Amino acid sequence: MEDRRLGPVVGLGTWNTFGGAARLACEVVRAALDAGCRLFDSSPMYGGAEASLATALGTNRSQARVATKIWCPSGDAAREQFRRQLEWFGRVEVEQVHNLVAWREHLPWLERERDAGRIDLLGVTHYSPRAFGDLADALRTRRFDAVQVPLNPRERECERELLPLAAELGVAVIVMRPLGEGSLLRRSPPAEALAELGVESWPEALLKWALSDERVDVVIPATSDPAHARANARAGEPPWFGREERRLVERLAA
Ligand SMILES: NC(=O)c1ccc[n+]([C@@H]2O[C@H](COP(=O)([O-])OP(=O)(O)OC[C@H]3O[C@@H](n4cnc5c(N)ncnc54)[C@H](OP(=O)(O)O)[C@@H]3O)[C@@H](O)[C@H]2O)c1
(Lines give C-alpha, C1' and ligand atoms only; values in the text may rest on other atoms or scores of the structure.)
Protein backbone atom coordinates (compact mmCIF):
# COMPACT_ATOMS: atom_id res chain seq x y z
CA MET A 1 0.00 0.00 0.00
CA GLU A 2 1.24 3.54 -0.73
CA ASP A 3 2.64 5.52 2.22
CA ARG A 4 2.04 9.23 2.70
CA ARG A 5 2.78 11.44 5.72
CA LEU A 6 0.62 9.43 8.14
CA GLY A 7 1.72 6.04 6.83
CA PRO A 8 -0.32 3.68 4.60
CA VAL A 9 -3.11 5.61 2.87
CA VAL A 10 -6.03 3.41 3.98
CA GLY A 11 -6.76 3.34 7.70
CA LEU A 12 -9.80 2.29 9.71
CA GLY A 13 -12.52 4.30 11.46
CA THR A 14 -14.37 3.00 14.52
CA TRP A 15 -17.53 5.11 14.78
CA ASN A 16 -20.72 3.03 15.04
CA THR A 17 -18.85 -0.20 14.43
CA PHE A 18 -16.66 -0.91 17.49
CA GLY A 19 -18.62 0.37 20.49
CA GLY A 20 -18.79 -2.41 23.05
CA ALA A 21 -18.05 -5.17 20.53
CA ALA A 22 -14.48 -6.15 21.31
CA ARG A 23 -14.62 -9.60 19.67
CA LEU A 24 -15.87 -8.25 16.38
CA ALA A 25 -13.32 -5.43 16.60
CA CYS A 26 -10.55 -8.04 16.94
CA GLU A 27 -11.51 -9.68 13.64
CA VAL A 28 -11.81 -6.39 11.78
CA VAL A 29 -8.53 -5.02 13.17
CA ARG A 30 -6.72 -8.27 12.37
CA ALA A 31 -7.99 -8.12 8.77
CA ALA A 32 -7.04 -4.44 8.44
CA LEU A 33 -3.54 -4.97 9.84
CA ASP A 34 -2.98 -8.01 7.60
CA ALA A 35 -4.05 -5.92 4.61
CA GLY A 36 -1.50 -3.21 5.45
CA CYS A 37 -3.67 -0.61 7.27
CA ARG A 38 -1.90 1.14 10.14
CA LEU A 39 -3.91 4.23 11.20
CA PHE A 40 -6.88 3.53 13.50
CA ASP A 41 -9.21 6.43 14.28
CA SER A 42 -11.37 6.58 17.39
CA SER A 43 -12.83 8.97 19.97
CA PRO A 44 -14.31 9.08 23.47
CA MET A 45 -17.51 10.03 21.60
CA TYR A 46 -17.77 6.56 20.01
CA GLY A 47 -19.15 4.63 22.99
CA GLY A 48 -16.75 1.84 23.93
CA ALA A 49 -14.80 2.04 20.66
CA GLU A 50 -11.47 3.11 22.21
CA ALA A 51 -11.53 0.22 24.70
CA SER A 52 -12.54 -2.24 21.94
CA LEU A 53 -9.76 -0.96 19.71
CA ALA A 54 -7.19 -1.33 22.49
CA THR A 55 -8.29 -4.92 23.10
CA ALA A 56 -8.29 -5.66 19.38
CA LEU A 57 -4.79 -4.28 18.86
CA GLY A 58 -3.48 -6.30 21.80
CA THR A 59 0.08 -7.45 21.17
CA ASN A 60 0.01 -5.84 17.70
CA ARG A 61 -0.18 -2.34 19.22
CA SER A 62 3.32 -1.43 17.99
CA GLN A 63 2.28 -1.99 14.35
CA ALA A 64 -0.54 0.58 14.62
CA ARG A 65 -0.84 4.33 14.78
CA VAL A 66 -3.68 5.38 17.05
CA ALA A 67 -5.50 8.55 16.02
CA THR A 68 -7.97 9.34 18.75
CA LYS A 69 -9.56 12.49 20.13
CA ILE A 70 -10.22 14.71 23.09
CA TRP A 71 -13.92 15.58 23.20
CA CYS A 72 -14.66 17.61 26.26
CA PRO A 73 -15.40 21.23 27.22
CA SER A 74 -13.59 21.06 30.56
CA GLY A 75 -9.85 20.73 31.12
CA ASP A 76 -10.00 18.29 34.03
CA ALA A 77 -12.34 15.85 32.30
CA ALA A 78 -10.29 16.15 29.10
CA ARG A 79 -7.14 15.17 30.99
CA GLU A 80 -9.05 12.20 32.37
CA GLN A 81 -9.89 11.16 28.76
CA PHE A 82 -6.20 11.38 27.92
CA ARG A 83 -5.17 9.43 31.04
CA ARG A 84 -7.47 6.57 29.99
CA GLN A 85 -6.07 6.67 26.44
CA LEU A 86 -2.55 6.26 27.83
CA GLU A 87 -3.78 3.25 29.81
CA TRP A 88 -5.31 1.72 26.70
CA PHE A 89 -2.70 2.62 24.10
CA GLY A 90 0.50 3.56 25.99
CA ARG A 91 0.81 6.68 23.81
CA VAL A 92 -1.22 8.42 21.14
CA GLU A 93 0.26 8.95 17.68
CA VAL A 94 -2.34 11.53 16.51
CA GLU A 95 -4.35 13.31 19.22
CA GLN A 96 -7.18 15.34 17.69
CA VAL A 97 -9.49 17.93 19.21
CA HIS A 98 -12.90 16.52 18.32
CA ASN A 99 -15.33 18.94 16.65
CA LEU A 100 -13.15 21.88 17.75
CA VAL A 101 -14.55 21.57 21.31
CA ALA A 102 -12.59 23.98 23.56
CA TRP A 103 -9.58 23.74 21.24
CA ARG A 104 -7.97 26.94 22.48
CA GLU A 105 -8.14 25.68 26.08
CA HIS A 106 -6.83 22.21 25.23
CA LEU A 107 -3.92 23.18 22.96
CA PRO A 108 -1.41 24.28 25.64
CA TRP A 109 -1.62 21.09 27.70
CA LEU A 110 -1.75 18.91 24.58
CA GLU A 111 1.42 20.61 23.34
CA ARG A 112 3.09 19.85 26.67
CA GLU A 113 2.10 16.19 26.28
CA ARG A 114 3.54 16.20 22.76
CA ASP A 115 6.77 17.77 24.04
CA ALA A 116 6.92 15.06 26.72
CA GLY A 117 6.69 12.39 23.98
CA ARG A 118 3.27 10.96 24.89
CA ILE A 119 1.72 12.34 21.67
CA ASP A 120 3.36 12.46 18.22
CA LEU A 121 1.06 14.80 16.29
CA LEU A 122 -1.82 17.14 17.14
CA GLY A 123 -4.92 17.31 14.97
CA VAL A 124 -8.33 18.92 14.87
CA THR A 125 -11.59 17.67 13.34
CA HIS A 126 -15.04 18.78 12.31
CA TYR A 127 -17.75 17.08 10.31
CA SER A 128 -19.81 20.14 9.39
CA PRO A 129 -19.05 22.68 6.62
CA ARG A 130 -20.61 25.32 8.91
CA ALA A 131 -17.55 24.95 11.14
CA PHE A 132 -14.95 24.99 8.36
CA GLY A 133 -14.20 28.71 8.86
CA ASP A 134 -13.34 28.00 12.51
CA LEU A 135 -11.35 24.94 11.45
CA ALA A 136 -9.34 27.15 9.08
CA ASP A 137 -8.69 29.62 11.94
CA ALA A 138 -7.39 26.76 14.08
CA LEU A 139 -5.04 25.61 11.28
CA ARG A 140 -3.75 29.16 10.75
CA THR A 141 -2.32 29.11 14.28
CA ARG A 142 0.19 26.60 12.78
CA ARG A 143 -0.13 24.60 16.01
CA PHE A 144 -1.84 21.59 14.41
CA ASP A 145 -0.12 18.89 12.36
CA ALA A 146 -3.27 17.20 11.01
CA VAL A 147 -6.89 17.99 10.16
CA GLN A 148 -9.80 15.55 9.74
CA VAL A 149 -12.72 16.44 7.44
CA PRO A 150 -15.40 14.66 5.38
CA LEU A 151 -14.64 14.15 1.68
CA ASN A 152 -16.50 12.03 -0.85
CA PRO A 153 -18.12 12.81 -4.25
CA ARG A 154 -21.21 14.21 -2.50
CA GLU A 155 -19.40 16.13 0.27
CA ARG A 156 -16.72 18.31 -1.26
CA GLU A 157 -16.92 21.54 0.77
CA CYS A 158 -13.41 21.03 2.21
CA GLU A 159 -11.99 21.45 -1.31
CA ARG A 160 -12.85 25.16 -1.25
CA GLU A 161 -10.66 26.44 1.59
CA LEU A 162 -9.40 23.67 3.85
CA LEU A 163 -7.52 21.43 1.42
CA PRO A 164 -5.63 24.36 -0.17
CA LEU A 165 -4.86 25.74 3.30
CA ALA A 166 -3.67 22.37 4.61
CA ALA A 167 -1.41 22.02 1.56
CA GLU A 168 -0.03 25.54 2.07
CA LEU A 169 0.67 24.95 5.77
CA GLY A 170 1.96 21.39 5.41
CA VAL A 171 -0.90 19.99 7.51
CA ALA A 172 -1.74 16.30 6.96
CA VAL A 173 -5.32 15.49 5.91
CA ILE A 174 -7.38 12.59 7.31
CA VAL A 175 -10.62 11.90 5.42
CA MET A 176 -13.66 10.87 7.46
CA ARG A 177 -16.89 9.56 5.86
CA PRO A 178 -15.16 8.53 2.60
CA LEU A 179 -18.18 6.28 1.86
CA GLY A 180 -20.74 8.85 3.02
CA GLU A 181 -21.51 6.76 6.14
CA GLY A 182 -22.49 3.98 3.73
CA SER A 183 -25.08 6.13 1.91
CA LEU A 184 -22.99 6.06 -1.30
CA LEU A 185 -23.10 2.28 -1.35
CA ARG A 186 -26.85 1.76 -1.63
CA ARG A 187 -26.51 0.98 -5.33
CA SER A 188 -23.42 -0.23 -7.11
CA PRO A 189 -22.54 0.87 -10.66
CA PRO A 190 -22.45 -1.72 -13.47
CA ALA A 191 -19.47 -4.05 -13.66
CA GLU A 192 -18.31 -2.39 -16.93
CA ALA A 193 -17.90 0.94 -15.15
CA LEU A 194 -15.81 -0.67 -12.38
CA ALA A 195 -13.71 -2.43 -15.03
CA GLU A 196 -13.16 0.92 -16.78
CA LEU A 197 -11.88 2.30 -13.46
CA GLY A 198 -9.66 -0.75 -12.91
CA VAL A 199 -11.19 -1.58 -9.51
CA GLU A 200 -12.91 -4.63 -8.09
CA SER A 201 -15.64 -2.90 -6.10
CA TRP A 202 -17.58 0.37 -5.78
CA PRO A 203 -16.22 1.09 -2.24
CA GLU A 204 -12.71 0.72 -3.68
CA ALA A 205 -13.57 3.25 -6.41
CA LEU A 206 -14.88 5.77 -3.86
CA LEU A 207 -11.82 5.45 -1.62
CA LYS A 208 -9.53 5.76 -4.63
CA TRP A 209 -11.43 8.86 -5.70
CA ALA A 210 -10.49 10.59 -2.42
CA LEU A 211 -6.90 9.29 -2.43
CA SER A 212 -6.40 10.50 -6.00
CA ASP A 213 -6.35 14.03 -4.54
CA GLU A 214 -2.69 14.28 -3.57
CA ARG A 215 -3.54 16.67 -0.69
CA VAL A 216 -5.20 13.74 1.12
CA ASP A 217 -2.98 11.60 3.36
CA VAL A 218 -5.30 8.84 4.53
CA VAL A 219 -8.94 7.70 4.32
CA ILE A 220 -10.49 5.98 7.35
CA PRO A 221 -13.52 3.95 6.23
CA ALA A 222 -15.33 2.22 9.09
CA THR A 223 -16.56 -1.33 8.83
CA SER A 224 -17.83 -4.13 11.04
CA ASP A 225 -16.95 -6.74 8.39
CA PRO A 226 -13.39 -8.15 8.01
CA ALA A 227 -14.00 -8.85 4.30
CA HIS A 228 -14.91 -5.18 3.78
CA ALA A 229 -11.71 -4.13 5.58
CA ARG A 230 -9.69 -6.25 3.13
CA ALA A 231 -11.60 -4.89 0.12
CA ASN A 232 -11.11 -1.29 1.27
CA ALA A 233 -7.36 -1.77 1.71
CA ARG A 234 -7.08 -2.54 -2.02
CA ALA A 235 -7.85 1.13 -2.68
CA GLY A 236 -4.44 2.04 -1.27
CA GLU A 237 -2.55 0.73 -4.28
CA PRO A 238 -1.71 3.03 -7.19
CA PRO A 239 -2.31 3.85 -10.00
CA TRP A 240 -4.45 6.81 -8.93
CA PHE A 241 -7.38 8.17 -10.90
CA GLY A 242 -6.85 10.96 -13.40
CA ARG A 243 -9.35 13.74 -14.05
CA GLU A 244 -11.57 11.64 -16.35
CA GLU A 245 -11.75 8.69 -13.97
CA ARG A 246 -12.57 10.99 -11.07
CA ARG A 247 -15.36 12.57 -13.13
CA LEU A 248 -16.75 9.14 -13.92
CA VAL A 249 -16.87 8.28 -10.19
CA GLU A 250 -18.63 11.60 -9.51
CA ARG A 251 -21.24 10.84 -12.17
CA LEU A 252 -21.78 7.33 -10.84
CA ALA A 253 -22.17 8.67 -7.28
CA ALA A 254 -24.59 11.45 -8.21
N1 LIG B 1 -19.50 10.37 10.56
C2 LIG B 1 -18.93 11.37 11.22
O3 LIG B 1 -19.56 12.42 11.44
C4 LIG B 1 -17.53 11.26 11.70
C5 LIG B 1 -17.12 12.29 12.42
C6 LIG B 1 -15.84 12.27 12.86
C7 LIG B 1 -15.02 11.21 12.58
N8 LIG B 1 -15.42 10.16 11.86
C9 LIG B 1 -14.46 9.07 11.63
O10 LIG B 1 -14.46 8.68 10.26
C11 LIG B 1 -14.74 7.29 10.18
C12 LIG B 1 -15.41 6.95 8.87
O13 LIG B 1 -16.64 7.61 8.72
P14 LIG B 1 -18.04 6.90 8.93
O15 LIG B 1 -17.89 5.73 9.83
O16 LIG B 1 -18.99 7.95 9.33
O17 LIG B 1 -18.52 6.43 7.49
P18 LIG B 1 -17.88 5.68 6.23
O19 LIG B 1 -16.58 5.08 6.57
O20 LIG B 1 -18.01 6.62 5.10
O21 LIG B 1 -18.96 4.50 5.99
C22 LIG B 1 -19.10 3.46 6.88
C23 LIG B 1 -20.18 2.52 6.34
O24 LIG B 1 -19.75 1.94 5.12
C25 LIG B 1 -19.94 0.52 5.16
N26 LIG B 1 -18.80 -0.09 4.47
C27 LIG B 1 -17.47 0.10 4.69
N28 LIG B 1 -16.73 -0.60 3.83
C29 LIG B 1 -17.60 -1.28 3.04
C30 LIG B 1 -17.43 -2.18 1.95
N31 LIG B 1 -16.22 -2.52 1.48
N32 LIG B 1 -18.55 -2.71 1.38
C33 LIG B 1 -19.78 -2.39 1.82
N34 LIG B 1 -20.00 -1.53 2.85
C35 LIG B 1 -18.92 -0.98 3.44
C36 LIG B 1 -19.96 0.15 6.61
O37 LIG B 1 -20.84 -0.95 6.79
P38 LIG B 1 -20.25 -2.42 7.16
O39 LIG B 1 -20.03 -2.41 8.63
O40 LIG B 1 -21.36 -3.33 6.74
O41 LIG B 1 -19.01 -2.64 6.37
C42 LIG B 1 -20.54 1.39 7.28
O43 LIG B 1 -21.94 1.34 7.32
C44 LIG B 1 -15.55 7.04 11.44
O45 LIG B 1 -15.69 5.69 11.77
C46 LIG B 1 -14.80 7.83 12.46
O47 LIG B 1 -13.63 7.13 12.86
C48 LIG B 1 -16.69 10.18 11.42
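Because the structure is a prediction, the values reported are computed rather than measured. (Residues numbered from 1 in each chain as written. Predicted model: local features only at pLDDT ≥ 70, side-chain atom pairs only at ≥ 80, totals over all residues. Heavy atoms only, no water.)

Asker: What am I meant to see in the pairing of strand 4 (residues 65–70) here?
Answerer: Note on strand geometry: in a regular strand, side chains alternate between the two faces of the sheet. Taken across its six residues, strand 4 has five buried, putting it largely inside the fold. Since strand 3 (residues 39–41) and strand 4 lie parallel, the crossover through helix 2 (residues 49–57) that links them has a hand, and here it is right-handed. Inspection of the sheet shows strand 4 paired to strand 5 (residues 92–97) by four bridges, in the parallel sense. Paired with T68 across the strands is E95, a residue of strand 5. (Buried < 20%, exposed > 50% of the residue type's maximum accessible area, 1.4 Å probe, protein only. Helix = DSSP H or I, 4+ residues; strand = E, 2+ residues; numbered from the N terminus. Right-handed = clockwise from strand over helix to strand, strands pointing away. Pairing = 2+ DSSP bridges.)

Asker: Would you mind going over the site of the ligand with me for this structure?
Answerer: Neighbouring the ligand are 23 residues; D41, L179, T223, S224 and H228 lie closest to it. H228 has a polar side-chain atom sitting 2.6 Å from an oxygen atom of the ligand. Starting from 870 Å² of accessible surface for the ligand in isolation, the protein chains cover 84%. (Near = heavy atom within 4 Å. Polar contact = N/O pair within 3.5 Å; in protein donor to acceptor, adjacent residues only side chain to side chain. Areas by Shrake-Rupley, 256 points an atom, 1.4 Å probe, with all protein chains shown as cover.)

Asker: Help me out: how do you make sense of the environment of R215 in this one?
Answerer: Relative to the assigned elements, R215 resides in the loop between helix 8 (202–211) and strand 9 (218–219). In this structure the C-alpha to C-alpha distance between R215 and G170, which are 45 residues apart in sequence, comes to 9.5 Å. Separated by 2.8 Å, the side chains of R215 and D213 make a polar contact.

Asker: It is not clear to me how the pattern of salt bridges should be interpreted in this structure. Could you clarify?
Answerer: It is possible for side chains of opposite charge to pair when their charged atoms get near one another. In this structure the tally under the stated criterion is 23 salt bridges. The shortest N-O distance in the salt bridge between E2 and R4 comes to 3.0 Å. The partner of R84 in a salt bridge is E80, with the nearest N and O atoms 3.9 Å apart. Here R84 pairs with E80, and both are found in helix 3 (residues 75–89), just four residues apart, close to one helical turn. Note on R84: relative accessible area 35%, which makes it partly exposed. Here E80 falls in the partly exposed class, since its relative accessible area comes to 31%. (Salt bridge = Lys/Arg side-chain N within 4 Å of Asp/Glu carboxyl O.)

Asker: It is not clear to me how the packing of helix 8 against helix 10 (residues 243–253) should be interpreted in this structure. Could you clarify?
Answerer: In a packed pair of helices, the relevant descriptors are the angle between the two axes and the axis-to-axis distance. Helix 10 packs onto helix 8 with a crossing angle of 125° between their chain directions and a minimal axis gap of 10 Å. Regarding the angle of helix 8 to helix 10, the classification is oblique. Helix 8 and helix 10 meet at a crossing whose hand is left-handed. On helix 10, the residues that touch W202, A205, L206, W209 and A210 of helix 8 are R246, V249, E250, L252 and A253. Considering only residue class, the contact of helix 8 with helix 10 consists of eight nonpolar, no polar and two charged. (Axes fitted to C-alpha atoms, helices over the stretch in contact; angles between N-to-C directions. Parallel < 35°, antiparallel > 145°, perpendicular 65-115°, else oblique. Left-handed = near helix turned anticlockwise from the far one by under 90°. Contact = heavy atoms within 4.5 Å. Nonpolar A, V, L, I, M, F, W, Y, C, P; charged D, E, K, R; others polar.)

Asker: Sorry if this is basic, but what is going on with the pairing of strand 7 (residues 146–150) here?
Answerer: Burial runs high along strand 7: five of the five residues are buried. A two-sided burial pattern is seen for strand 7, the buried positions comprising A146, Q148 and P150 on one face and V147 and V149 on the other. Two strands pair when backbone bridges link them, and strand 6 (residues 119–125) and strand 7 are joined in this way by three bridges, in the parallel orientation. Of the residues in strand 7, the one forming a bridge with V124 is V147. With helix 5 (residues 132–140) bridging strand 6 and the parallel strand 7, this β-α-β connection has right-handed handedness. In this sheet, strand 8 (residues 172–176) lies alongside strand 7 in parallel orientation, the contact comprising five bridges. In the sheet register, P150 faces strand 8, and the bridge partner there is M176.

Asker: Sorry if this is basic, but what is going on with the nonpolar core here?
Answerer: Within soluble globular proteins, side chains that are nonpolar generally end up buried alongside one another. Counting 77 residues, the largest nonpolar core has V29, F40, L57, L139, F144 and V147 as the members making the most contacts within it. By residue number, the principal contributor to this core is helix 8, which donates seven residues. Excluding anything up to four places from it in sequence, F144 contacts V97, W103, L107, L122, G123, V124, A138, L139 and V171. (Core = buried A, V, L, I, M, F, W, Y, C linked by side-chain atoms within 4.5 Å.)

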